Amino acid sequence: MSLRAPLKLAILISGRGSNMTALLRAARAGEIAVQPAIVIADRADAAGLVSARELGVPTADWSGQSPAGPFESMLVSTLEAVQPDVIALAGFMRILSPALVGRYLGRMLNIHPSLLPAYRGLHTHRRVLAAGDSEHGASVHFLTPELDAGPVVLQSKVAVLADDTEAALAARVLATEHVIYPRVLGWLADGRLSFRSGTPWLDGQRLDSPIVEDFRAPVV
Ligand code: GRF
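For clarity, every value in this text was computed on a predicted model and none was experimentally measured. (Residues numbered from 1 in each chain as written. Predicted model: local features only at pLDDT ≥ 70, side-chain atom pairs only at ≥ 80, totals over all residues. Heavy atoms only, no water.)

### Quick word on the nonpolar core
Then step 1. Ranked by internal contacts, the top residues of the largest apolar core, which has 45 residues, are I11, I13 and V39.
Then step 2. Ranked by residues supplied to this core, first place goes to helix α6 (residues 166-189) with nine residues.
Then step 3. Here this core spans two domains, since at least three of its residues come from each of domain 1 (1-94) and domain 2 (111-220).
Then step 4. Setting aside residues no more than four positions away along its own chain, I13 makes contact with M20, V39, I40, A41, D42, A46, G48, L49, A90, G91 and F92. (Core = buried A, V, L, I, M, F, W, Y, C linked by side-chain atoms within 4.5 Å. Buried < 20%, exposed > 50% of the residue type's maximum accessible area, 1.4 Å probe, protein only. Helix = DSSP H or I, 4+ residues; strand = E, 2+ residues; numbered from the N terminus. Domains from an automatic or database assignment. Contact = heavy atoms within 4.5 Å.)

### Re the domain arrangement of the protein chain
Then step 1. For the protein chain, the domain assignment lists domain 1 (1-94) and domain 2 (111-220).
Then step 2. For domain 1 and domain 2, the distance between their C-alpha centroids amounts to 21 Å.
Then step 3. Both faces considered, domain 1 and domain 2 share a buried interface measuring about 1,300 Å² in area, 70% of it formed by carbon and sulfur atoms.
Then step 4. One can count zero salt bridges joining domain 1 with domain 2.
Then step 5. Taken together, the connections running from domain 1 to domain 2 amount to three residue pairs in polar contact (both at pLDDT 80 or more).
Then step 6. For the side of domain 1 that touches domain 2, the secondary structure elements donating two or more residues are β1 (7-13), α1 (18-28) and β4 (86-89). (Buried area = accessible area lost by both parts, 1.4 Å probe. Salt bridge = Lys/Arg side-chain N within 4 Å of Asp/Glu carboxyl O. Polar contact = N/O pair within 3.5 Å; in protein donor to acceptor, adjacent residues only side chain to side chain.)

### Examining the layout of surface pockets
Then step 1. Computed from the structure, the largest pocket encloses a volume of approximately 850 Å³.
Then step 2. Lining the largest pocket we find 33 residues, and of these G91, F92, M93, I111 and P113 sit closest to its centre.
Then step 3. Elements represented by at least two residues in the lining of the largest pocket include exactly α1, β5 (108-112), α5 (124-131) and α6.
Then step 4. Within the lining of the largest pocket, the residues separate by chemical class into 15 nonpolar, 13 polar and five charged.
Then step 5. There are two domains that each give the lining of the largest pocket at least three residues, and those are domain 1 (1-94) and domain 2 (111-220). (1 Å grid on protein atoms, 1.4 Å probe; cavity = no way out; pocket = protein on both sides within 12 Å on 5 of 7 lines; lining within 4 Å. Points joined across faces, edges and corners; volume = space filled by probe spheres on them. Nonpolar A, V, L, I, M, F, W, Y, C, P; charged D, E, K, R; others polar.)

### With respect to the site of the ligand
Then step 1. What surrounds the ligand is the set R16, G17, S18, N19, G91, I111, H112, P113, L174 and E177.
Then step 2. In the complex, the protein chains occlude 85% of the 360 Å² of accessible area that the ligand would expose alone.
Then step 3. Cavity membership is defined here by more than half of the atoms lying within 2 Å of grid points; on that basis the ligand lies in the largest pocket.
Then step 4. Partitioned by chemical class, the residues of the shell around the ligand number three nonpolar, five polar and two charged.
Then step 5. Mapped onto the domain boundaries, the shell around the ligand takes at least three residues apiece from domain 1 (1-94) and domain 2 (111-220). (Near = heavy atom within 4 Å. Areas by Shrake-Rupley, 256 points an atom, 1.4 Å probe, with all protein chains shown as cover. Sits in = over half its atoms within 2 Å of the grid points.)

### A few points about the pairing of β4
Then step 1. Neither face of β4 is left uncovered, since the one carrying V86 and A88 and the one carrying I87 and L89 both have all their residues buried.
Then step 2. In this sheet, β4 lies alongside β1 in parallel orientation, the contact comprising four bridges. Across the sheet, residue I11 finds its bridge partner in β4, namely A88.
Then step 3. Where β4 lies against β5, three bridges are found, and the strand directions are parallel. Across the sheet, the residue bridging to L89 is N110, located in β5.
Then step 4. Taken together, β4, helix α4 (residues 98-103) and β5 constitute a β-α-β crossover, and its handedness is right-handed. (Pairing = 2+ DSSP bridges. Right-handed = clockwise from strand over helix to strand, strands pointing away.)

### Brief notes about the sheet that holds strand β9 (residues 199-202)
Then step 1. Strands sit in the order β8-β9-β10 across an open sheet of three strands; the sheet is antiparallel. Two strands close off the open sheet at either side, each with one partner strand: β8 (193-196) and β10 (205-206).
Then step 2. Of the pairings in the sheet, the one linking β8 to β9 comprises four bridges and is antiparallel in character. Paired with L193 across the bridge in β9 is L202.

Rendered as structure tokens:
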């Protein structure tokens with residue numbers, strides 16, 4: 001239990017929003033000291049918007065703009081109105097400008113479905129299967145202007161199984177995302193995690209490499 005004021009949280013989504021839901025549920029359960037202030041989508045049909053409203057969190061989406069301007073203008077004015085302490089990207093499919101990323105540097109997190117720096121970009125599960133890798137996972141990292149290149153705080157590691165399909169592997173990785181993303185946000189909210197001079201620090205220790213949480217089944 002934290003004695004600090006809860007961090008005001010904005011979440012950016014583009015789609016189904018299962019990571020967003022994991023963050024909102026962890027906040028609602030009092031597991032992480034954040035106050036969800038808004039969920040913002042770059043698409044009006046993002047399914048996660050419905051889930052956010054069901055959980056009582058205000059939403060904004062691009063379609064509300066009249067006349068519709070560039071998405072980032074809408075995003076900037078919405079963020080300026082809300083003044084979030086932290087912004088979590090959760091399945092957000094748009095690249096933000098270096099100016100916007102710079103403005104929130106150290107306060108923007110992203111989750112990516114691979115063991116970064118491996119497999120930046122799209123279709124990570126398919127590429128892992130095509131390469132015949134034995135391990136895969138997800139990474140929670142601070143956002144920097146270069147795509148999927150920000151310093152990683154925490155990774156989940158899963159085994160790639162002999163009979164894996166892209167969907168099965170994706171589902172197994174996603175289940176771990178729902179564990180590691182709230183954890184990292186909780187560290188930030190508790191003041192345990194910070195970002196200084198381009199590097200994450202956890203509990204006073206510089207994180208030169210990510211923490212790895214192993215979700216592979218034990219070998220018996
Ligand atoms: C997740 O796999 C996340 O790692 C990636 O996009 C997917 C979003 O899924 N960035 P959801 O919208 O959170 O369900």
